[in-house]
Structure formats: structure tokens, C-alpha cells
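This is what each chain is made of:
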Amino acid sequence: MIQPVIIFIIFANNLNKNFKHNTMNIPFIFWLVPVASVVALSMAWYFFQSMMKYDEGTPRMREIAQHVRRGAMAYLKQQYTVVLYVFIALAILFAFMAYVLKIQNPWVPVAFLTGGLFSGLCGFFGMKTATYASGRTANAARKSLNQGLQIAFRSGAVMGLVVVGLGLLDIAMWFILLTYLYHGSNMALVTVTTTMLTFGMGASTQALFARVGGGIYTKAADVGADLVGKVEQDIPEDDPRNPATIADNVGDNVGDVAGMGADLYESYCGSILSTAALGATAFVASGDMQLKAVVAPMIIAAVGIFLSLIGIFLVRTKEEATMKDLLKSLSLGTNVAAVLIAIATFLILYFLGITNWLGVSFSVVTGLAAGVIIGQATEYYTSHSYKPTKEIAVSSQTGAATVIIKGIGTGMISTCIPVVTISVAIMLSYLCANGFDMSMNADSISRGLYGIGIAAVGMLSTLGITLATDAYGPIADNAGGNAEMSNLGEEVRERTDALDALGNTTAATGKGFAIGSAALTALALLASYIEEVKIAMVRMVEDGHQFVNAAGNVFNPMNATMSDFMDFFQVNVMNPRVLVGAFIGAMAAYLFCGLTMGAVGRAAGAMVDEVRRQFREIKGILEGKATPDYGRCVEISTKSAQHEMILPSLLAIAIPIVVGIILGVAGVLGLLVGGLAAGFTLAIFMANAGGAWDNAKKMVEEGNFGGKGSACHKATVVGDTVGDPFKDTSGPSLNILIKLMSMVSIVMAGLTAALI
């Protein structure tokens, strides 16, 4: 936090002078960006302090919350230690490329570390809030369903506001610094924006470790607790007699809060930065218009913060609310924010004077609409208020096998609407931004790609409230666990169960939303990759290197268009390098899922053995006369997560580098396309199937088909345990994998170009 503030103080007074030196006058409205970031962080602090004023409940409730808090912080400390070693190694590599080989921008090592730091801070602050909020939510549910909802939701809003606040603060400070340093140079804004893109790799790397490690941790505990506790011993979920219960509650925080926060931080920043880079390229010959195109996504995101706050304050419900009532209360906040940002976008782009401001505004609306449709589709396929999940619950009457078959089929079918939605959004945003120009000339392509990028910004512009609905889920889940372990009354447990079931749906909706935004952002990053290759090639030409195309003619990258680069590198479906790259990209998604699923399986197996051992050897646990060894289960999950997260995470970094060295630029583009197509559909399938299995189990636990302890309940528990790594480990990690491969490719573009 100190570094960007110092940079701001040093350079802010000189900034307008430097822009004038560049014959570019920064729009006054740009200063809304750092102001909005400060407002977001201030409101996050306000919500945190407001939550802390509530009572945490009985001594037993406080004790349970303290166990979870200590376990979560201990895990995060160990995870950040492991990640620190990886970051140091990569920073040294980037420094060698930048300062010794001279094939890397000298700011890349610093930007990389900054991105990782801010991403890690998002996870830390979000998880700290969640571990304090869950006990208070449970205690509030003793009095009122509405109060429990508001505490959980506004505590989740802390995560949303920290993510957007730190994201915009980091972007604003880097923009100020780099603009100051590069003033007067040719292609200044192109250099500034492509340099800023590189801190996205730091954010993506940190996010992947957080998602994979947290996902392995939470699902090892969850699967172990369910299989032995519910299926074998017929004891309720979150029963204090189950040794894995504390580890399960800790895992909800490290996986679904810290992991999701780091994940969406890099999605948010990546969409803004890739769009800014595309704007710098699309309007490179347009003078003042280029600067306006660069700052436009930042300003839209800044306004989105204020409108998200309005939506947050609208969320409330009535007592005795049904699941549809609870969903409606959350939808009101998110939908109002989305409508307001759509209206605001037209005004922002009009007053900025963006070329074809009306068409670009409709590109933003397209992204917003796509996010809403994907969210509604996810809700339909995962909420037990609707037919698909009800049918999974019905299938439990014929056993676990039919539950699993039905869940897999539902997940596969559920990919249709998101894929069609994203496809339509890509085409519409592209055509709206270029004025429906189908000529495919260089200018038309560049402005169309800018439209796709700003559609991703539109989808994420209300992340402050969208992420709040996601972070709310694990808080509500932990509140239910606290209520069960504290032996609170049946009425309280019914309220926390209602909040928890809502959280399952909002979490699934958030995952679908994150994956959808990843698809649009990754597509924009493809174009940014070409720009980074161009900059590397121009640098090499200035050093005396010469490039020759397939026809034997000298190729000058300085004035080359994107189509020229496609021709030079022969990026077409007949090029075997492109096809091989696409196959490797698709394979990478499945390899990654296979490794993470296997990791959960091994960790869960160790957890099952430990829980069985304690039931067998510690006499009196099942009678409630002896206390389980919770710490041993926490230790198993921690060690498993730390060990198992390394290989899949490093593979995501290594694959683009190796493909770039062997197959060149054409192979990398094929890799990114293949990874995007396979990863997007696979992630939607896994997230929705897992969410549907989970809520089918909840539906049975509410008293349907025999209720808790019945054969149907055990069948749905098996389905839920299969779905756990689907929806909380492998599925949500895929959207980070998609963007991380793009970010690594961008950062390593200099090396790839040097090998041409």
C-alpha cells in the first residue's frame, strides 16, 4: 500500500505537465479512478468494522470461530511462504531476461511482484473478514434471518470492495508512474499499457496457487468428513463429533474466500489492462482519442464501484423467506447495479468523446447482459428451486450411481447457454465497436477487438457486488457449521441452512460469472500477445536484427497491422504448428483437472483414514464424551495442499514457455485458443454439475425423499463428494489457467520473438 502512495505523491504534481509535453491532456475524469479505489477500500473498512460490532455468540460459538480463524491464518501463512519462493525464482528469471539478455521490458520483474502482492492481499483481507463474520452470522440467525443475511452479505462485500479497490489503485498508480517515465517516446501509450499487462501474470500466478491449494485443502476435509461422518456413522454435517469438521470449515475460507478473491482480482485487472492495451493500438493514429480509449475502461470500472455500493445497500429480506425470496433479494442488488452501470456507460463514453461512443457503449451493455444471462442460467441449473436439481434429488431413489449419472448429464447440458451467450457477446461486442464493418481491414479488426475487451470490463464493472454474493456463500456455510457444533436450536439451524443453500447457488453463479469473464478477457489477451510480440520485434530491429517473411521479403514490424502479423507467422488452420498448439491447449485443461482431482482424491483418502482411526481409537467420540483431535485433520489438509498444489501450478507456467520455444508464435496462439475453448466449457460443466449435486443433497436434507440419514440422503452425499472437487477445486481453477497461460505468453513474448 505504501509504494503506490509514494509514487502518487512524487509524480502527481508533474503529471499534467508531462501529458502536455506529449501533446496529450489527461481527461480530468481520470482522477475518478484513484478516488473510487480509496472509496472502495474505505467502505470495505466500514463494513468490516460494522460487522465486528456484532456479538460472536456463546462461549462455545466463540471457541469454534477461534479454531477456524487460527487454522485459516496458519494455512495462509504456509501457502504464502511456498508462493514466495516461486515468485522469487520467477522474478530472478525475468530480471535476467530484462537486464542481461535485453529481451524483456525492465519494469516486468517489479510489475510481476506487485501483481502477486496485491492479489495475495485481496485473499488475506477477504479471509480475515470471513473468519470473523461466520460466528456473528450464526449468532444473528438466532434472532433474525434478515440480520444473518445482511451480516454475511456485507462481510462478503468487504471482499468485493477490497478486490476492486486494490485493483484500481494498482492500475492507477502504475499508469501514473509509467506515463511519467515514458513521456515523449514513440508509441508511449502502447508501451505503457503492454508493460502494465505484465503485472497480471503476478496476479494470475498467485491466484492459481491460492485456488488450487485452497481447493485441495477444503475438499480433502469436506470429502473425508462426509464419507465417514454422514455415510458411515450417520451423524449430521458439521457435527462436533466429526474430527474433520474444523478442517472443513477452515477449508471453506482458504478455498472459496482467499482463492476466489485472488482469482477475480486478476480477472478484474486483466480485463481493464487488456482493453487499455487494445485501445492504445486501435487508436494509435488518432492522437488524443488514443488516451481516451486507454482510460475509458478504468473510468467505467471506477463508476461501477459507486453503483455496486448502491446495490449492496439494497440487499435485505423478510423473515420466513423462501429460497426464491432470498435469491430475489440478492438479484435486486446485482441487477440494479448492472442497469445503472449500463446507463452510466453511455454518459461516460459520450462525454469522453470516444469515436463511435454509441457502438462501444452497446459493447459494454453486451458484456453486462452476458454476465446476467450466464448467472441466471447457472442459478437455473444449480438451485433446488428449479427442475434440473430437483431431478437429481429424485434420481437418488435408485441409488448413488444414478445421482452421479444425472449430475454429469445436467452439467454437460448446462454448458449450452453460457457458450452460446459468450459466442453471441463476442460477435455483438466486436461488431458494435467497429460500426458493423465486415471488411476485416486492420482498423476494423482493432476496434472490434477493443469492443470485446470493453465487454469484459462491462461484465466485471459491478464486481464489487457480484463478488460479495460469491464470498457470502462460505460465510453462510461456516455459520451453519458453527450453529451445528454449538448445538443451537432447530429454528436457528433452519435459518442457517436456508442461508447456506442460497450460498451454494450464489457461489455457483459467481463461478459461472468468473469463467464467462475469463473467456472474454482471454480473447482480448490474444490480441495483446501480438502487440507484445510486435514491441519485442521492433526492439530487435532497432538493435540491427532483420526479419524475412515466407516470400523472402524483409518484414518491418513497426508499421505492420495485426493481419500482417498473422500472415508473417502463418497463423491459419492449415499450419500444423497452430493445430498442434490447439491440441496441447485443450489437453492442458484436462491434464490440469486430472492432476487436481487426483490430488483431492489422495488428500481425501488420508483424511478418511484419519477420521476412521479417531472413531476407532479415541473411545467416547460418538457418544460425545471425548473431544476429537481436530488439529491432526487440519495438519493433514495443510500438508496435502502445500505438496499437491505445486505440480499443476508450475505446469500452467511451463507449458506456454515450452510451446513458445518449440512451436513459436503460431503454436502459442493455437495453444491459447485450444486452452480457451476446452477450458471454458469444461469449467462450466464442472462448476454446474458440482453445484447441482450439492443442492440436491440440501433438498433431501430439508426432509424430501426420507430426509437426513435415509438411503436417498446417502446417495446424494456420494454425489456431493464427487462434485466437491468439480466445483471447488478443478472447475474454478480452470479460468485462472486460461488467463495465466495468456499472461505467461505475453511476458515471455520477448523470448519467443528472439527465437524467430
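Criteria and cut-off values
Residues numbered from 1 in each chain as written. Predicted model: local features only at pLDDT ≥ 70, side-chain atom pairs only at ≥ 80, totals over all residues. Heavy atoms only, no water. UniProt positions renumbered as here; feature names shortened; annotations may be inferred. Helix = DSSP H or I, 4+ residues; strand = E, 2+ residues; numbered from the N terminus. Buried < 20%, exposed > 50% of the residue type's maximum accessible area, 1.4 Å probe, protein only. Expected span 1.5 Å × (residues − 1). Arc of directions from axis to C-beta. Contact = heavy atoms within 4.5 Å. Salt bridge = Lys/Arg side-chain N within 4 Å of Asp/Glu carboxyl O. Core = buried A, V, L, I, M, F, W, Y, C linked by side-chain atoms within 4.5 Å. Bend = angle between axes of the 7 residues up to and from the residue.

The name given to the chain in an unreviewed UniProt entry is Putative K(+)-stimulated pyrophosphate-energized sodium pump, with Hoylesella timonensis CRIS 5C-B1 as the source organism. The record in UniProt for the chain states the following under Sequence similarities (unreviewed entry): "Belongs to the H(+)-translocating pyrophosphatase (TC 3.A.10) family. K(+)-stimulated subfamily." UniProt lists a comment for the chain under the heading Function (unreviewed entry), and it reads "Sodium pump that utilizes the energy of pyrophosphate hydrolysis as the driving force for Na(+) movement across the membrane."

Right, let's get into unusual backbone geometry. One non-glycine residue with positive phi stands out, namely N356, at about 55°. Examined against the element boundaries, N356 turns out to sit in the loop between α10 (323-352) and α11 (357-382). Phi at Q570 is positive, roughly 55°, even though this residue is not glycine. Along the polypeptide, Q570 turns up in the loop between α18 (562-568) and α19 (576-617). Judged by its relative accessible area of 40%, Q570 is partly exposed.

With that settled, the discussion passes to helix α13 (residues 400-413). Taking 1.5 Å per residue as the helical rise, α13 with its 14 residues ought to reach 20 Å, and the 20 Å between its terminal C-alpha atoms agrees with that figure. Of all the positions in α13, only V403, G407, T410 and G411 are classed as buried. Buried residues of α13, viewed axially, fall in a sector of 100°; they line one side. Turned more than 90 degrees away from the buried face of α13, the exposed residues are A401, I405, M412 and I413. Looking at the buried positions of α13, the neighbouring elements they touch are α11, α12 (387-395), α21 (646-701) and α22 (711-747).

In total, this model carries 29 salt bridges according to the counting rule given. The salt bridge involving E391 is made with K406; its shortest N-O contact spans 3.2 Å. One end of the pair, E391, is in helix α12; the other, K406, is in helix α13, and 15 residues separate them in sequence. A relative accessible area of 30% means that E391 is categorised as partly exposed. Its relative accessible area of 32% is what places K406 among the partly exposed residues.

Here we take up the nonpolar core. Ranked by size, the top nonpolar core spans 242 residues in total, and within it F175 and M201 carry the most contacts. Looking at this core, the element that brings in the most residues is α21, giving 25 residues. Once residues lying within four places of it in the same chain are set aside, the contact partners of M201 are L90, F94, F112, I653, L740, M743, V744 and V747. Counting seven residues, the second-largest nonpolar core is a separate cluster that includes A138, A141, A479 and V492.

Given a rise of 1.5 Å per residue, 56 residues ought to cover 82 Å, yet the end C-alpha atoms of α21 are separated by just 37 Å, more than 12% below that figure. When the local axis directions of α21 are compared, the greatest deviation, roughly 135°, occurs at L663. Extensive coverage of α21 is indicated by the burial of 44 of its 56 residues. Positive backbone phi, at 115°, marks G703, one or two positions downstream of α21.

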